[in-house]
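One-letter residues, chain by chain:
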Amino acid sequence: MERLTHLRHSLGIAIRALRKNRLQTALTMTGMTIGVATVLTMIALGTGAENSIQDQVRAAGMNLILVNAGNWGRGEDSGGASMSSLRAPQGHIIPAAYSPQQKPHLLRVQQNDGGVSIGPSDNNTPMIKWGRPGDLKPGRGAATTLTLDDVDAIRKVKGVQYASGGIHDNARITVGQTTILTRMHGDDSTLPKIRRAWTFPFGHFYSERDEKNSANIVVLGQFVSNALFGQANPTGKQIELKGETFTIAGVIGSSTWMIRPAANDDQFDAVYVPVTTMMRLMHQNYLSTVTVTTESTGEVNRVATTLTALMRDRHSIGADIPDDFTVRTQAHSSMAHGLRPDLASAVMGNAAGLEKVTLEQLGKTLDQASATMTALLTSIAAVSLIVGGIGVMNIMLLSVSQRTREIGIRRAIGARAHEVLTQFLLEATTLSLGGGLLGILIGVAVSATIAKNAQWSTKISIPAVAVSFGVSVAIGVFFGYYPARKASQIVPINALRFE
């Protein structure tokens, strides 16, 4: 208790001393303010740049995984995974139960009284997926085993950031004299969080409430909006889809140069409705796809493998039975794009290692670039802090020199050396702390101004503010200790003779 009383007394003396020389105090605090504000601004710029780079990569889909219902595809350029035909549990293209001489990836599916039979196919037989309920429905390209419960289970997998179940079909839209044929997607309301490249020049995406109520709300891709309404804002207007009237809630555009709206791109040349609405329109309770994003690009392959095992377990697929779904990554799709189906199947069936290396190298490159940028900016800002700290030391040394007689009087009436040291150390810390707090406020304001006016990405985080605050206190203690110690060692008799 006595120690606390002495500390309060020393702090009071320190504050009164700083008030006596207000101009000197203000100039010293200004140096610390500039240093802390610079550090905080540089950290905000570095962190913002790092997040911007990661967002660009994620916007391009490098952390994207697609789970498609059904396991088939001939003549479908969907990225290779669906062209791999029947996939075995271990990821081999050909199930162990079939003979290689039968070319099991080319199968003929026939419907008979006993259900669906599968046998070798000639080159003229159209291919469809593994026989399960709903497999012979034309134009769907999906089994009936992928459900909303599967989506909930996928969301619980470690490393999964978001998951959105969807149903897809073609749709014809007529407005005035203009008629277009485009894709119609039924997805849940989390889709904009998955498609990071999306922005909304008009309106907004539909909400969880719209999804829960199966509302007739539609969001247009920018290509569709331009084709139907030109550059005008179409929100609030109505269009007809599948024989029902829908109200337009918004328009989807792109916020990155890596993805631009184009015809047949299946993102912006498309319309979006709540997945529950799509289920009602299509009279089905199962999904076509689940779109998944991972928290990190380095987690893509591990999560994809985990999802394959999860879906096999949930769908009760035995060890000798092929998947009734496909799991593929965006990088997988990009590498197989444009290849012939048989060539894509052969190449992508053995591309897991290549894809893993590519993603790992990309992640390491981004981490190194971001770390280098942040270190460079922080180093530059640290110079300002050092200059501010030297300013604190200089002023405190001057203060000790000017107040030598005062120190001698305090020592003569009973003040101990450690009390004098504490007093001057508190003065230095108060200068540094006051400048640091003001610097934090200025740093936040400058970062926000840069983000708004220069359109640069900045991010102020609580750890960055805490580091700035801690550094300002540490500098006060470090650069103030020597002057405080020098003051505490003044001999009282010599100080009293000082003029």
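Residues numbered from 1 in each chain as written. Predicted model: local features only at pLDDT ≥ 70, side-chain atom pairs only at ≥ 80, totals over all residues. Heavy atoms only, no water.

1. Some remarks on the overall build of the protein
Okay, step 1: Looking only at helices and strands, the protein features 15 helices and 12 strands.
Okay, step 2: Per-residue burial over the protein gives 44% buried out of 499 residues.
Okay, step 3: Counted over contacts in the protein with a minimum sequence separation of 6, partners at least 24 positions apart contribute 74%.
Okay, step 4: Of the roughly 25,000 Å² that the protein leaves accessible, carbon and sulfur atoms contribute 57%. (Helix = DSSP H or I, 4+ residues; strand = E, 2+ residues; numbered from the N terminus. Buried < 20%, exposed > 50% of the residue type's maximum accessible area, 1.4 Å probe, protein only. Contact = heavy atoms within 4.5 Å. Areas by Shrake-Rupley, 256 points an atom, 1.4 Å probe, with all protein chains shown as cover.)

2. As for the nonpolar core
Okay, step 1: Grouped together as the largest cluster of nonpolar side chains are 41 residues, with contacts concentrated most on V218, I239, L241 and V290.
Okay, step 2: Excluding its chain neighbours within four sequence positions, the residues that come into contact with L241 are A171, I173, M184, V218, F246, V271 and V273.
Okay, step 3: Listed in part, the 24 residues of the second largest apolar core include M32, M396, V400 and L421. (Core = buried A, V, L, I, M, F, W, Y, C linked by side-chain atoms within 4.5 Å.)

3. Digging into the pattern of salt bridges
Okay, step 1: Applying the stated criterion across every chain yields a total of 10 salt bridges.
Okay, step 2: Across the salt bridge formed by E299 and R302, the nearest N and O atoms sit 2.5 Å from each other.
Okay, step 3: For E299, a relative accessible area of 27% gives the class partly exposed.
Okay, step 4: Residue class for R302 comes out partly exposed when judged on its relative accessible area of 35%.
Okay, step 5: Taken together, the shared-partner salt bridges connect D152, R155 and D188 into one network. (Salt bridge = Lys/Arg side-chain N within 4 Å of Asp/Glu carboxyl O.)

4. Description of the environment of Y481
Okay, step 1: Its location among the elements puts Y481 in helix α14 (residues 462-488).
Okay, step 2: Taking the C-alpha atoms as reference points, Y481 and F424, 57 residues apart in sequence, are found 8.1 Å from one another.
Okay, step 3: Apart from residues no more than four positions distant in its own chain, Y481 is found in contact with L421, L425 and G476.

5. Focus: the side chain of D324
Okay, step 1: Relative to the helices and strands, D324 is located in the loop between α8 (300-314) and β12 (325-329).
Okay, step 2: Residue D324 is classed as buried on the basis of its relative accessible area of 1%.
Okay, step 3: A polar contact of 3.0 Å, which involves the side chain of D324, links it to the side chain of H315. (Polar contact = N/O pair within 3.5 Å; in protein donor to acceptor, adjacent residues only side chain to side chain.)

6. Re the packing of aromatic side chains
Okay, step 1: One pass over the structure, following the stated rule, counts 6 aromatic pairs.
Okay, step 2: Aromatic pair W198 and F205: ring centres 6.1 Å apart, planes at 45 degrees, arrangement tilted.
Okay, step 3: Since its relative accessible area comes to 8%, W198 is described here as buried.
Okay, step 4: Taken together, the aromatic side chains of W198, F200, F205, Y206 and Y272 make up a single cluster linked through ring pairs. (Phe/Tyr/Trp six-rings, centres within 6.5 Å; stacked < 30°, edge-to-face > 60°.)

7. Focus: helix α3 (residues 148-155)
Okay, step 1: Turning to α3, its buried residues are D150, V151, A153 and I154. Down the axis, α3 shows its buried residues gathered within 165 degrees of arc, on one side only.
Okay, step 2: Structurally, α3 contributes buried residues whose contacts are with β4 (160-175), β11 (289-294) and α8. (Arc of directions from axis to C-beta.)

8. What to know about the confidence of the model for the protein
Okay, step 1: Residues of the protein with pLDDT of at least 70 account for 71%, and the chain-wide mean is 75.
Okay, step 2: Low pLDDT (under 50) marks residues 335-344, which in the prediction has 16 contacts with non-local residues, meaning those over four places away or in another chain. (pLDDT = per-residue confidence, 0-100.)

9. Some points on unusual backbone geometry
Okay, step 1: Residue S214 is not a glycine yet carries a positive backbone phi of 55 degrees.
Okay, step 2: Note that S214 resides in the loop between α5 (208-212) and β7 (217-221).
Okay, step 3: Positive phi outside glycine occurs at D266, with the angle close to 65 degrees.
Okay, step 4: Summarising the element assignment, D266 is placed in the loop between β9 (244-254) and β10 (270-274).

10. Comments concerning helix α12 (residues 404-412)
Okay, step 1: Along α12, the residues that are buried comprise T404, I407, G408 and R410. For α12, the arc enclosing every buried residue in end-on projection is 160 degrees, short of the 170-degree limit, so these residues lie on one face.
Okay, step 2: G414 occupies a position one or two residues after α12 and carries a positive phi of about 120 degrees.

11. Side note on the pairing of β7
Okay, step 1: Buried residues dominate β7, accounting for 5 of its 5 residues.
Okay, step 2: Examined bridge by bridge, β7 and β9 share 5 bridges and lie parallel to one another. Its bridge partner lying in β9, L220 is registered against V251.
Okay, step 3: Relative to β10, β7 runs antiparallel, the two being bridged by 2 bridges. The residue of β10 that forms the bridge with V219 is Y272. (Pairing = 2+ DSSP bridges.)

12. With respect to the packing of α3 against α8
Okay, step 1: Across the interface, α3 lies against α8 with an axial gap of 11 Å and an inter-helix angle of 140 degrees. Put simply, α3 runs oblique to α8. With respect to the hand of their crossing, α3 and α8 are arranged in right-handed fashion. Residues D149, D150, A153 and I154 of α3 lie in contact with α8, whose contacting residues are L307, L310, M311 and R314.
Okay, step 2: Grouping the amino acids of the contact of α3 with α8 by side-chain chemistry returns 5 nonpolar, no polar and 3 charged. (Axes fitted to C-alpha atoms, helices over the stretch in contact; angles between N-to-C directions. Parallel < 35°, antiparallel > 145°, perpendicular 65-115°, else oblique. Left-handed = near helix turned anticlockwise from the far one by under 90°. Nonpolar A, V, L, I, M, F, W, Y, C, P; charged D, E, K, R; others polar.)

13. Comments concerning the environment of V290
Okay, step 1: Note on placement: V290 falls in strand β11.
Okay, step 2: The exposure class assigned to V290 is buried, which follows from its relative accessible area of 0%.
Okay, step 3: In this structure, the C-alpha to C-alpha distance between V290 and N68, residues 222 residues apart in sequence, is 6.5 Å.
Okay, step 4: With residues near it in sequence (within four places) discarded, V290 still touches I65, L66, V67, L146, V151, I154, A163, S164 and G165.

14. Overview of a positive patch on the surface
Okay, step 1: A grouping of R16, R19, K20 and R22 is seen on the molecular surface, where their side chains present a positively charged patch.
Okay, step 2: With 3 residues, the top contributor of residues to the positive patch is helix α1 (residues 2-20).
Okay, step 3: Turning to its location among the elements, R16 is positioned in helix α1.
Okay, step 4: On the accessibility criterion, R16 (47% relative accessible area) is partly exposed. (Patch = residues over 30% accessible without salt bridge, like charges linked within 9 Å, V, L, I, M, F, W, Y side chains within 5 Å. Lys, Arg positive; Asp, Glu negative; His and termini not counted. Charge placed at Lys NZ, Arg CZ, Asp CG, Glu CD.)

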